[in-house]
Structure formats: C-alpha cells, structure tokens
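# Understanding the architecture of this molecule
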Amino acid sequence: MKFVRYADGPSARVGVVDGDLVRVVDGPQDLLPLIEAGRAELLAAGRTALRRGAAVPLPDIVPLSPIATPPTVRDFYAFEQHVRAGRAWRGLEMEPDWYELPVFYFSNPYAVLGCGPVPMTPGAERFDFELEVAAVVGHGGRDLTVRDAERAVAGYCVLNDWSGRDVQQREMKLSLGPVKGKDTATSLGPYFVTPDEIADFREGNGHRLDMTCTVNGVPYSRALWSDIHWSFGEMIAYASRGAEVRPGDVIGSGTCGTGCILELSRTHDPATYPWLRPGDEVVAAIEGLGELRNTVTEAAPVVPLRTRRRSTAGVTR
C-alpha cells in the first residue's frame, strides 16, 4: 500500500494512492499514529480509505514528509561503492571494520521535509544532494535479532540527505560531526510504501529497484538498491544493540554509488557536476517509491559567533 501525507489548507491529511487519485484516510494528519497502532491497523485504515475515502486528484497535491517529526533519524553508510570511492580520494584503503559495523550518525528530526523548497546550509558554497532509501520502523524493541528487525520495517521512502560539504569538512576536522553541515534539511517521501508493495523485487540485501537523481532534468545518479551491502534488518538490529528503537524511527541507507555531487565531481568532471545553487530542481527517485522533488533556495545569513583570533593556549606571560 502507498500512503501519502499532504497539505490541506493550514492542516495536513493522510491518504492512500489509488491510481491518479488519493483516497483520504479519515482522521489522522500524520502517519505516525497509524504506524504506532501497528501494521494491521495501518493496513485496515488504508483499505477503508480505498473503499470509501474522499477522492483528491494526485497531481493536485504536494507531498509532505509522511511523518512530520520522526522520533529519531539515523543515517547509515551501507553502500560499498560510495564508501570505497570516498576513501580512495583520501588515499585510504577500505577499513576492515566497515564490513563488521554498519555505522551511522543521528540526524535532525526537526528538519525533515517533503517535496518543495529546501534551504541551503547556512554558510555553505558547496551544497549537495545524497540519494538514499529509508526504512521506517513499525514496532520497536531492544537488542533485536536481524530477523526480528527485518520484520519491524513498516514501510520505505526515498530520502535525500542534503549536505553543505564545505561546512561539513570544517566541522569534521575537529573530530566530531557531521553536525551543521547536514542538519538544515532532510527530504523524505514522497510516499510511504509498505513492504508487501515491493516484495516481488527483493534481491540480495535490498530490492532490485532503480535509484536515480536528476538536477534541472539532467541525469546525475543511477544505482540499484540491491547493490546495498548492509540490509535494513542488519542496520536496525545494530541500532537496537543496547538501545531502543521505536515506531516511526527513520533509518537511512546512506548514499548509493554515484549518489552525490561530491562523488560524481571527483570521479568525473567538476564542470559537468557543479554544486547546487538556488533555483536548481533536484528529483531523487526510486522505482516503486516515487519521485522526491525539491527546489533549492537561499540559505539563512550567517552571523559569526566570534571573530577569529590566534589561540593563546600554552603561552606563558
């Protein structure tokens, strides 16, 4: 089943995609309560909407994030091609621990957006997209097995992890982060697709579904979800190790191979793959999950917290 959340005047509505129509789910303005109620309740609400929900033309809506404010957003690093390329540029071999630890960082749940405008990272000149797939946790737990974690997935979405690369680079030199380089915006949507909808495409640790991204109509990225090294079951199991995962938690795959300008510009030609600027339209798409359409807008101005000065640490007087 394919759910969508969209603006309806000052509020939001949840519906089920039915061809070129959206059938409205009566009541909720967010998918989180339905996800928390459990898979049976979620699917029952969808079936009821398909039978008798009010109809809205699909082309008339602009999809919002399926969940307005997820409880948490964890973003992993699960595609080997992207990881290997990034390490090669820095003159590094693959780190053996990557094959044993599906590492992640916590992103900003307050900055989750759907389709529409996306502000650049304040202070960034090198603004980038990152094409990813996301799983949303349906039932929580602690110390889950991989099998139980796989069953915990309530649905999938396209995820675009926007990045201010120059801000990110400065921060990570200080041995923390990514911090402000990535917490201005994360796009999620356009739909929330239940696992049964794409079960026939299951292959390896993912699904044999195309992942693509275009900028102003120009093809940039192409990959297969099934190229992923770590499954979502493994990622969620790792996230739950000694900690709790809860319904509505968003689990990002990390960037697929060719899935960002940073990788493309270094592998090919920076002139062919320039950094994003205000007005650029970015369409991140995954076969079966839809097209996540965003337009880049100006960043908020940066006001320096302090003027730079030379450190006096270790100086005696």
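These remarks concern the structure in this document. This is a predicted model, so every value here is computed, not measured.

About the cut-offs
- Residues numbered from 1 in each chain as written.
- Predicted model: local features only at pLDDT ≥ 70, side-chain atom pairs only at ≥ 80, totals over all residues.
- Heavy atoms only, no water.
- Helix = DSSP H or I, 4+ residues; strand = E, 2+ residues; numbered from the N terminus.
- Rg over C-alpha atoms; globule rule 2.2 N^0.38 Å.
- Buried < 20%, exposed > 50% of the residue type's maximum accessible area, 1.4 Å probe, protein only.
- Salt bridge = Lys/Arg side-chain N within 4 Å of Asp/Glu carboxyl O.
- Pairing = 2+ DSSP bridges.
- Axes fitted to C-alpha atoms, helices over the stretch in contact; angles between N-to-C directions.
- Contact = heavy atoms within 4.5 Å.
- Core = buried A, V, L, I, M, F, W, Y, C linked by side-chain atoms within 4.5 Å.
- Phe/Tyr/Trp six-rings, centres within 6.5 Å; stacked < 30°, edge-to-face > 60°.
- Disulfide = S-S within 2.5 Å.

Scanning the protein chain from N- to C-terminus turns up seven helices and 22 strands. Computed over its C-alpha atoms, the radius of gyration of the protein chain comes to 20 Å, within 12% of the 20 Å expected for a compact globule of 317 residues. A principal-axis box enclosing the C-alpha atoms of the protein chain has dimensions of 80 × 45 × 40 Å. Within the protein chain, buried positions represent 51% of all 317 residues.

Let us look at the pattern of salt bridges. According to the stated counting rule, one finds 17 salt bridges in the structure shown. As a salt-bridge pair, E130 and R165 come within 3.3 Å of each other at their nearest N and O atoms. Placement of the pair is E130 in the loop between strand 9 (127-128) and strand 10 (131-137) and R165 in helix 5 (residues 165-172), with a sequence separation of 35 residues. A single burial state applies to E130 and to R165, both of which are buried.

What follows covers the sheet that holds strand 21 (residues 281-286). If you walk across this open sheet you meet the five strands as 8-22-21-17-18, and the pairing is mixed. Looking along the sheet, the strands with just one partner apiece sit at the ends: strand 8 (116-119) and strand 18 (218-224). The mean inter-strand angle of the sheet, taken between neighbouring strand axes irrespective of direction, is 25°. Two elements, strand 17 (residues 210-215) and strand 18, share six bridges in a ladder whose sense is antiparallel. Residue pairing for strand 18: D210 is matched across the bridge by L224.

As a further point, take helix 3 (residues 80-89). Those residues of helix 3 lying buried are H82, V83, A85, G86 and R87. In this structure, the buried residues of helix 3 make contact with helix 7 (261-267). At the C-terminal side of helix 3, G91 shows a positive phi close to 75°.

A word on the nonpolar core. Within the largest apolar cluster, 60 residues are counted, with the highest numbers of intra-cluster contacts made by F129, W162, M211, W225, L276 and L289. In terms of residue count, the dominant contributor to this core is helix 6 (residues 232-239) (six residues). Leaving out residues up to four positions away in the same chain, L276 has contacts with M120, F127, D128, F129, W162, V215, I261, V282 and V296. With 24 residues, the next largest nonpolar core counts V14, L31, V112 and V250 among its residues.

The relative placement of two aromatic rings is captured by the distance of their centres and the angle of their planes. The full count for this structure, using the stated rule, is eleven aromatic pairs. Taking 5.1 Å as the distance between ring centres and 75° as the angle between the ring planes, the aromatic pair formed by Y156 and W225 counts as edge-to-face. Residue Y156 is located in strand 12 (residues 153-161), and its partner W225 is located in the loop between strand 18 and helix 6; the two are separated by 69 residues in the primary sequence. Across the pair, W225 and Y156 agree in class, each one buried. Their ring planes at 85° and their centres at 6.4 Å tell us that W225 and F232 sit as a pair that is edge-to-face. Here W225 matches F232 in class, with each residue buried. One aromatic cluster in this structure is built from F76, F104, F106 and Y238.

Let us now look at the pairing of strand 3 (residues 21-24). A regular strand carries its side chains on alternate faces of the sheet. Residues V22 and V24 line the buried face of strand 3, whereas the alternating positions L21 and R23 sit on a face that is not buried. Count of turn residues in the strand 2 (residues 11-18)/strand 3 antiparallel hairpin: two residues, of which G19 carries a positive phi of about 65°. Across three bridges, strand 3 lies against strand 4 (residues 55-57) in antiparallel orientation. In the sheet register, R23 faces strand 4, and the bridge partner there is A55.

With that settled, the discussion passes to the environment of A284. Following the sequence through the fold, A284 ends up in strand 21. Given a relative accessible area of 0%, A284 falls into the buried group. Spatially, the C-alpha atom of A284 lies 14 Å from that of S253, the residues being 31 residues apart in sequence. Setting aside residues up to four positions removed in sequence, A284 forms contacts with L131, V158, N160, T212, C213, G290, E291 and L292.

A few words on the state of the cysteines. For the structure shown, the criterion picks out zero disulfides. In this structure C115 is a free cysteine whose sulfur lies 11 Å from that of C157, the closest cysteine sulfur available. According to the relative accessible area criterion, C157 is buried, its value standing at 0%.

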